[in-house]
Amino acid sequence: MANKVVASLLIATLIHIVCVAASNNDNSTLIDCYPDKGANANSCRCRGCTWAETDVPGAPYCTFPSGYGYEVIATNIPTDLGFIAVLRHKNQQPTLFGNDAKYVYLSVEYWNENILRLKLYNPHDDRYQVPIPLNNPSSKALNPNYHVNITDSPQFGIVVTRTSTNTEIFNTNLPGFVFSDQFLQVTAQLSSSNIYGFGEQRHQSYAHDMHWKTWAAFARDNQPDNDENLYGVQPFYMNVENDGNANGVFLLNSNAMEITLQPSPAITYRTIGGILDFFVFLGPTPENVVQQYTSIIGRPLMPPYWALGFQLSRWGYENTAAIRAVVDRQRAAEIPQDVQYSDIDYMDNYRDFSLSTTNFADLPELIKDIHDHNQRYIVIIDAAIADDPNDFAYQEGIKDDIFIKYANGTILEGHVWPGPTVFPDFTHHNVQKYWSKCVEHLYENQSVEFDGLWTDMNEPSNFDMGSINGCNQNKYNYPPYAPHILGAEVNGSLFQKTICMDTVQQAGLHYNLQDRKSVV
């Protein structure tokens, strides 16, 4: 018995020594193994990770040990655009959230001299991929400005190097690569701490804070308070290297995600669906990086010249006379106003594609006067449609069968400004025809001859918690891991102020589609 006590004390002392040693290491290289709630020494070690408390603000206590991840079992399998490497999960390591893929393929594609694609996917699982047309090259670049090396020690990693300067710009040879059904994570060492980009959140500066800062990405109807996720999602960053060259990385993924920036410098991506589909841009100037990025997602729309002028918008114009008074004041003060807006006040009971005959019956006459003065008029349209059998937009949506449904075919109902509402499926093959009919109805039949449309609340925003009946208790509405998005901290759900994640659209589950319109 005494020997067992001595042995236990010795083990405890050794564990304490190991933890003290770990806490004295460079905390900037640690990869968080317990990003969810409830981390303690026991729960951390059950994941096969290391517990070491630190006094560095924001640094994780529970971290991945060296070697945690996947191993390379085949590489340099040639393809038309590059090669494929085959990875195998290290079965002896515990899983974080279950259902880890046993095999993961890495497709390396040399798109051109300055664009590299790195695609990590499960070949045995038909997982969701963002359905956008890509101008895939017909052959690989022969003289790229980058070099790709696949490492296997102490774990699988990808090392991308700029050949002209031998600068490593994206190096994932770090522990903690996870590819499971609803949790995908990878960390990359970067060339410098000069990181710009990511959205949409309120940032204190263009350059990012690299001291263990986590940003959530999930489209949300929310005012710009604190560091919370906002209306759009742009999983793209630009990294200015120490010698002035610039590179960029875009993750083509539309699931809820978060990124953590670390002082080493490094970046950790965590997403809860899809695949890891990276595009690396070599620049070398910031302008070149943006050009290469938009060659993938599409070029920005060239706005009309008048849209660059002075515009005036607010919520709360009570009637046409109130707007006319504002426009007249601008003219009297000789302010060169180019555009006047109407918020939802102009609608009949806040119903899309309608006009209030009580307070805005003479809005068409005001718009004519606006046009006579070489000015323009923009009206708002919300994404939700009034759930009213007498409503034009509702009737047409039922005819075209374009509203978002549950798996059993029932249309999801929520609440927005007009009261009970339904939500168009903007991935449906009939939706463009439907939306065009509704826009034409407003312009022709209601005589609201607008010059532009302001589309609002298309996250989609919903005043209910998912639906009028709430959401089902399942892995889509309550995933095993919920990124640090606003609302998820309450009960781990994703549907606060939006619609249920298990609803069905033509392109798939809403779980995969919330951020599709923002990403590309």
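Just above sits the structure.
Just so you know, these numbers come straight off a predicted model, no measurement behind them.

Caption draft 1: Main features of the overall build of the protein. In terms of regular secondary structure, the protein is built from ten helices and 27 strands. For 520 residues, the compact-globule estimate of 2.2 N^0.38 gives 24 Å, and the C-alpha radius of gyration of the protein, at 27 Å, lies within 12% of that figure. Considered along the principal axes of its C-alpha atoms, the protein spans approximately 90 × 55 × 45 Å. Across the protein, every contact between residues at least 6 apart in sequence was considered, and the portion connecting residues at least 24 apart equals 65%. Summing over all exposed atoms, the protein offers an accessible surface of approximately 23,300 Å²; the carbon and sulfur share of this is 51%.

Caption draft 2: Expanded view of the packing of aromatic side chains. Taken as a whole and assessed by the stated rule, the structure comprises 30 aromatic pairs. A ring pair is formed by phenylalanine 236 and phenylalanine 281, whose centres lie 6.3 Å apart and whose planes are at 55°; its orientation type is tilted. Here phenylalanine 281 lies in strand 18 (residues 276–281) and phenylalanine 236 lies in strand 14 (residues 234–240), a separation of 45 residues in the sequence. Note on accessibility: phenylalanine 236 and phenylalanine 281 belong to one class, buried. Between tyrosine 434 and tryptophan 435, the aromatic rings sit 6.3 Å apart at their centres with planes inclined by 55°, giving tilted as the arrangement. Side by side, tyrosine 434 and tryptophan 435 carry an identical accessibility label, which is buried. Among the aromatic residues, those joined into a cluster by ring pairs are Trp111, Phe236, Phe250, Phe279, Phe281 and Tyr293. A cation over a ring is seen here: arginine 47 above tyrosine 34, with NZ or CZ 3.7 Å from the ring centre. Here the basic side chain of lysine 119 rests over the ring of tyrosine 121, its NZ or CZ set 5.7 Å away from the ring centre.

Caption draft 3: Focus on the layout of surface pockets. Its boundaries defined by the atoms lining it, the largest pocket holds a volume of some 390 Å³. In terms of lining, the largest pocket is formed by 18 residues, of which the most central are Pro424, Phe426, Thr427, Asn458 and Lys517. Contributions of two or more residues to the lining of the largest pocket are made by helix 9 (510–513) and helix 10 (516–519). Class assignment of the residues belonging to the lining of the largest pocket gives a composition of eight nonpolar, six polar and four charged.

Caption draft 4: Spatial organisation of empty space enclosed by the protein. The full count for this structure, using the stated rule, is two cavities of 30 Å³ or more. When its volume is computed, the largest cavity comes out at roughly 70 Å³. Contributing to the lining of the largest cavity are 17 residues, with Phe218, Arg220, Leu486, Leu494 and Gln496 lying nearest its centre. Of the residues contributing to the lining of the largest cavity, the split by class is seven nonpolar, six polar and four charged. In this structure, the second largest cavity spans a volume of roughly 60 Å³. The wall of the second largest cavity is formed by Phe198, Gly199, Gln201, Trp215, Ala216, Ala217, Gln234, Pro235, Met257 and Ile259. Only strand 12 (195–199), strand 13 (213–217), strand 14 and strand 16 (257–262) provide two or more residues apiece to the lining of the second largest cavity. Broken down by element, the lining of the second largest cavity gets its largest block of residues, three residues, from strand 13.

Caption draft 5: Region of interest: the packing of helix 4 (residues 320–332) against helix 5 (residues 363–372). In the contact formed by helix 4 and helix 5, the axes pass within 10 Å of each other and the chain directions differ by 15°. The orientation of helix 4 with respect to helix 5, classified from their angle, is roughly parallel. Handedness of the helix 4/helix 5 crossing: left-handed. On helix 5, the residues that touch Thr320, Ile323, Arg324, Val327 and Arg331 of helix 4 are Leu363, Glu365, Leu366, Asp369 and Ile370.

Caption draft 6: Looking closely at the pairing of strand 17 (residues 266–271). The element strand 17 is largely enclosed, with a buried count of six among its six residues. Every second residue of strand 17 is oriented toward a common face, with Ala266, Thr268 and Arg270 on one face and Ile267, Tyr269 and Thr271 on the other, all of them buried. Pairing of strand 11 (residues 184–189) with strand 17 involves six bridges; the strand directions are antiparallel. Each residue of the ladder has a partner; that of leucine 184, found in strand 17, is threonine 271.

Caption draft 7: Structural detail: the sheet that holds strand 15 (residues 246–251). Judged by pairing direction, the sheet is antiparallel, and its eight strands sit side by side in the order 3-4-5-6-18-15-14-12 without closing on themselves. Where the open sheet ends on each side, the last strands, each with one partner, are strand 3 (70–78) and strand 12. On average, each strand axis in the sheet is tilted by 15° relative to the strand beside it, whichever way the strands run. Relative to strand 18, strand 15 runs antiparallel, the two sharing four bridges. Bridge pairing in strand 18 places leucine 251 opposite phenylalanine 278. Running over the sheet, helix 3 (residues 286–297) touches strand 5 (103–112), strand 6 (115–121), strand 14, strand 15 and strand 18 and is turned about 20° from strand 15.

Caption draft 8: The arrangement of the state of the cysteines in detail. According to the stated counting rule, one finds three disulfides in the structure shown. With its sulfur 2.0 Å from that of its partner, cysteine 33 forms a disulfide with cysteine 49. Because the torsion about its S-S bond is 65°, the bridge between cysteine 33 and cysteine 49 counts as right-handed. On the criterion of sequence distance, the pair formed by cysteine 33 in the loop between helix 1 (2–23) and helix 2 (41–46) and cysteine 49 in the loop between helix 2 and strand 1 (50–51) is long-range, its members being 16 residues apart. With relative accessibility at 0%, the residue cysteine 33 sits in the buried group. The connectivity of the disulfide-linked cysteines in the protein, indexed sequentially, is 1-3, 2-4, 5-6.

Caption draft 9: How the structure looks around the environment of isoleucine 381. Following the sequence through the fold, isoleucine 381 ends up in strand 21 (residues 376–382). In contact with isoleucine 381, not counting residues within four places along its chain, are Tyr346, Met347, Asp352, Phe353, Trp435, Leu442, Leu453, Trp454, Thr455 and Asp456.

Caption draft 10: Main features of unusual backbone geometry. A cis amide bond links serine 153 to the next residue, proline 154, at an omega of 0°. The step from glutamate 459 to proline 460 runs through a cis peptide bond, and the omega angle for that step is 5°. Turning to its location among the elements, proline 460 is positioned in the loop between strand 25 (452–456) and helix 8 (488–491). We note that asparagine 76 has phi near 55°; this positive angle belongs to a residue other than glycine. Along the chain, asparagine 76 falls in strand 3. Of the residues examined, asparagine 76 reaches a relative accessible area of 54% and is grouped as exposed.

Definitions and cut-offs
Residues numbered from 1 in each chain as written. Predicted model: local features only at pLDDT ≥ 70, side-chain atom pairs only at ≥ 80, totals over all residues. Heavy atoms only, no water. Helix = DSSP H or I, 4+ residues; strand = E, 2+ residues; numbered from the N terminus. Rg over C-alpha atoms; globule rule 2.2 N^0.38 Å. Contact = heavy atoms within 4.5 Å. Areas by Shrake-Rupley, 256 points an atom, 1.4 Å probe, with all protein chains shown as cover. Phe/Tyr/Trp six-rings, centres within 6.5 Å; stacked < 30°, edge-to-face > 60°. Buried < 20%, exposed > 50% of the residue type's maximum accessible area, 1.4 Å probe, protein only. Lys NZ or Arg CZ within 6 Å of the ring centre and 35° of its normal. 1 Å grid on protein atoms, 1.4 Å probe; cavity = no way out; pocket = protein on both sides within 12 Å on 5 of 7 lines; lining within 4 Å. Points joined across faces, edges and corners; volume = space filled by probe spheres on them. Nonpolar A, V, L, I, M, F, W, Y, C, P; charged D, E, K, R; others polar. Axes fitted to C-alpha atoms, helices over the stretch in contact; angles between N-to-C directions. Parallel < 35°, antiparallel > 145°, perpendicular 65-115°, else oblique. Left-handed = near helix turned anticlockwise from the far one by under 90°. Pairing = 2+ DSSP bridges. Disulfide = S-S within 2.5 Å.

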